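Listed below, chain by chain, are the residues.
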Amino acid sequence: MFKNPAELAERVLAGDPVTPDEALELLHTDDPGMLDLVAAAARLRREHFGMTVKVNYLVNLKSGLCAEDCGYCSQRLNAGTDILKYSWLSPEKAVEQAEYGIRGGASRVCLVASGRGPSNREVGNVTRTVEALKEQHPDVEVCACLGLLKDGQAETLSGAGVDAYNHNLNTAESNYESICSTHTYQDRVDTVERAKDAGLSPCSGLIVGMRETDEQLVEALFALRDLGSDSVPVNFLMPFDGTPLAGTWQLSPQKCLKILSVVRFVCPDKEIRMAGGREMHLRSLQPLALHVVNSLFLGDYLTSEGQAAKADLDMIADAGFTVLGAGPLGEHDDAVPAGTSNGAAPEQAVAGPAGSTGPATTPCGSTCGTGGPAGTDAASGGGPAPSDPVSSDQGDDAAAPSAAAGPVPTRSAAPAPVSAALAALLSSGEGPERDEDDTRVRIELSPTVRRRGAGTSVAPNA
């Protein structure tokens, strides 16, 4: 057994991988030892990825309308969640969405569609989008996330120029029946294997905080290592109201950071992405997590809002990192304009209600959506635009900010707007309290997910 995380990191660098027992011991690191664990994981990260951060961008091709019953997903069968539902963006609209992320420094675009899996006709929709995107941006990687694949579909995607396929295992095999009954853990493994056999880079990760034990978390990590996943997105459960996991809060920022560090030890040379739920669960420890992970999503999540794109780019720069493949920082700042919503067409880019009570999550083999405030007809363009864009719901890749009229703003154009939730808080007179010297003091806010698209629907290809 190792003496300390630093010693174990040196052993891993020498080619001696960690064992499940060692990974479990790392996961049980006490809080005073957390920084030692992070520093050791950072040693592994720097060895393989230097000080670069890969930016990924999600385009939600199809939102909602899913017949699966994944317990963490706002798009699940009979979910009591209000989300935007729409069917298949046109290739032109999808490319338009993707270009916002590309201008923000994204080197990979993830195309996501909800549902159990695509029909051959739907695969054709995706290939036309990929061909249009590659024609304009030949150097951009494309990752598809469409659910369970049938024979021959992975080959079709590969032939059209898709580089990678995302399908998360989500949790340990021993825990899978507790979160889904409409497909099996083995179905997911089979899809990842189909993608690999077709020459697609396998992207597969997990969702943590779904009532799994630490032993099951380690089990899932070693399954991902054995599967040969090149890219490992780590999502943190955002428990939507209306789903079986609503009200499940078992993660702290320290626990999330330890989990990411253990993922790095188990998969030292793989792309590790802090994905859905990072804003809610890592909170102020996100910059520290960049020393462990080397990848993140830019823009909105599937059915919930996340951190503003400008804030992500600033966070990367402030922590001393550079965006992989990007020019000097500032060249891409604010390429994702505030007031956009991933996946929806411009007239659909409307915000969910600020401070919605429904915690959000969607880490499935399918996707989730974007949309307008409750009672808004998104197809008609009603409702205000959201104040800050974000990235992707937990689980499989999904959702990208939509186009907005006018030129893309730059850092010098204007400061990032205050979020709708914070603006509402401040204007209510119930905002951050101040002491006698008018100094702002900390207030406690219950974590909530800002839902997007509550109570809305749009026509297919609107």
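Residues numbered from 1 in each chain as written. Predicted model: local features only at pLDDT ≥ 70, side-chain atom pairs only at ≥ 80, totals over all residues. Heavy atoms only, no water.

Under an unreviewed UniProt entry, the chain has the name Biotin synthase and belongs to Kocuria varians. The heading Sequence similarities (unreviewed entry) in the UniProt record of the chain holds the text "Belongs to the radical SAM superfamily. Biotin synthase family." According to the UniProt record, the Subunit (unreviewed entry) comment for the chain is "Homodimer." (UniProt positions renumbered as here; feature names shortened; annotations may be inferred.)

S.K.: Just to check I follow, could you spell out the packing of aromatic side chains for this structure?
M.R.: For the structure on display, the rule yields 1 aromatic pair. Relative to Tyr185, the ring of Tyr176 lies with its centre 6.0 Å away and its plane at 65 degrees, an arrangement referred to as edge-to-face. Of the two residues examined, Tyr176 and Tyr185, each falls in the buried class. A cation over a ring is seen here: Arg103 above Tyr100, with NZ or CZ 5.2 Å from the ring centre. (Phe/Tyr/Trp six-rings, centres within 6.5 Å; stacked < 30°, edge-to-face > 60°. Buried < 20%, exposed > 50% of the residue type's maximum accessible area, 1.4 Å probe, protein only. Lys NZ or Arg CZ within 6 Å of the ring centre and 35° of its normal.)

S.K.: Sorry, what's going on with the pattern of salt bridges here?
M.R.: Think of it this way: side chains of opposite charge can pair up when their charged atoms draw near. Enumeration over the complete set of coordinates arrives at 19 salt bridges. For the salt bridge of Lys270 with Asp230, the shortest nitrogen-to-oxygen distance reads 3.9 Å. Here the residue Lys270 occupies a position in the loop between helix H9 (253–266) and strand E8 (271–274), and Asp230 occupies one in the loop between helix H8 (214–227) and strand E7 (231–236), the gap between them amounting to 40 residues. Residues joined in a network through salt bridges with shared partners are Lys54, Arg108, Glu141, Glu271 and Arg273. (Salt bridge = Lys/Arg side-chain N within 4 Å of Asp/Glu carboxyl O. Helix = DSSP H or I, 4+ residues; strand = E, 2+ residues; numbered from the N terminus.)

S.K.: Is there a simple way to explain the nonpolar core in this structure?
M.R.: It is characteristic of soluble globular proteins that their nonpolar side chains tend to be buried jointly. Core analysis: the biggest nonpolar cluster contains 101 residues, and Val59, Leu206, Leu260, Phe265, Met274, Leu282 and Leu290 have the highest contact counts within it. When residues of this core are assigned to their parent elements, the largest contribution, 8 residues, is made by H9. Excluding its chain neighbours within four sequence positions, the residues that come into contact with Leu206 are Asn168, Asn170, Leu217, Ala220, Leu221, Leu224, Val232, Pro233, Val234 and Asn235. (Core = buried A, V, L, I, M, F, W, Y, C linked by side-chain atoms within 4.5 Å. Contact = heavy atoms within 4.5 Å.)

S.K.: What exactly am I supposed to notice about unusual backbone geometry here?
M.R.: Excluding glycine, residues mostly have negative phi values, and the peptide bonds linking residues are mostly trans. Positive phi is not limited to glycine here, since Trp88 has a value of about 55 degrees. Summarising the element assignment, Trp88 is placed in the loop between strand E1 (52–62) and helix H4 (91–103).

S.K.: What exactly am I supposed to notice about the UniProt feature "binding site: [4Fe-4S] cluster" (unreviewed entry) in the chain here?
M.R.: As recorded in UniProt, the sites labelled "binding site: [4Fe-4S] cluster" (unreviewed entry) are Cys66, Cys70 and Cys73. Of note, Cys66 is situated in the loop between E1 and H4. Given a relative accessible area of 8%, Cys66 falls into the buried group. Structurally, Cys73 is set in the loop between E1 and H4.

S.K.: Sorry, what's going on with the pairing of strand E3 (residues 141–145) here?
M.R.: For a regular strand, side chains alternate in direction, first toward one face of the sheet and then toward the other. The element E3 is extensively covered by neighbouring structure, given that 4 of its 5 residues are classed as buried. Two elements, strand E2 (residues 108–113) and E3, share 5 bridges in a ladder whose sense is parallel. Across the sheet, the residue bridging to Cys110 is Cys143, located in E3. Note that the unit made of E2, helix H5 (residues 120–136) and E3 has a crossover that is right-handed. Where E3 meets strand E4 (residues 164–166), 2 bridges bridge the pair, whose relative direction is parallel. Bridge pairing in E4 places Cys143 opposite Ala164. (Pairing = 2+ DSSP bridges. Right-handed = clockwise from strand over helix to strand, strands pointing away.)

S.K.: What exactly am I supposed to notice about the pairing of E2 here?
M.R.: Burial analysis of E2 places 6 of its 6 residues in the buried class, the great majority of the element. Note: E1 against E2, 6 bridges, orientation parallel. Paired with Lys62 across the strands is Ala113, a residue of E2.

S.K.: How should I be thinking about helix H3 (residues 34–49) in this particular structure?
M.R.: Taking 1.5 Å per residue as the helical rise, H3 with its 16 residues ought to reach 22 Å, and the 22 Å between its terminal C-alpha atoms agrees with that figure. Along H3, the residues that are buried comprise Met34, Leu37, Val38, Ala40, Ala41, Ala42, Leu44, Arg45 and Phe49. Among the residues trailing H3, Gly50 stands out with phi positive, at a value near 60 degrees. (Expected span 1.5 Å × (residues − 1).)

S.K.: Teacher, can you tell me more about the UniProt feature "binding site: [2Fe-2S] cluster" (unreviewed entry) in the chain here?
M.R.: When the UniProt feature table is mapped to this numbering, "binding site: [2Fe-2S] cluster" (unreviewed entry) covers Cys110, Cys143, Cys203 and Arg273. What stands out for the annotated residues spanning 164 residues is how close their C-alpha atoms remain, the widest pair being 14.0 Å apart. Take Cys110: it is sitting in strand E2. With respect to the element layout, Cys143 can be found in strand E3.

S.K.: Teacher, can you tell me more about the side chain of Glu212 here?
M.R.: Relative to the elements of secondary structure, Glu212 occurs in the loop between strand E6 (206–208) and H8. The buried charged residue Glu212 lacks any salt bridge, with Lys255 as its nearest oppositely charged partner at 7.6 Å. Separated by 2.8 Å, the side chain of Glu212 and the backbone nitrogen of Gly209 make a polar contact. Here Met210 takes part through its backbone nitrogen, which lies 2.6 Å from a polar atom of the side chain of Glu212. Apart from the residues within four sequence positions on either side, Glu212 is in contact with Thr171, Asn175, Ile207, Leu217 and Gln250. (Lys, Arg positive; Asp, Glu negative; His and termini not counted. Polar contact = N/O pair within 3.5 Å; in protein donor to acceptor, adjacent residues only side chain to side chain.)

S.K.: Would you mind showing me how to read the environment of Val323 here?
M.R.: Secondary-structure assignment places Val323 in strand E10 (residues 322–323). Sequence spacing of Val323 and Val53 is 270 residues, and the spatial spacing of their C-alpha atoms is 4.9 Å.

S.K.: Mind showing me how you'd approach the environment of Phe49 here?
M.R.: Along the chain, Phe49 falls in helix H3. For the pair Phe49 and Lys270, spaced 221 residues apart in the sequence, the C-alpha separation amounts to 9.1 Å. In contact with Phe49, not counting residues within four places along its chain, are Arg264, Pro268, Asp269, Lys270, Glu271 and Asn294.

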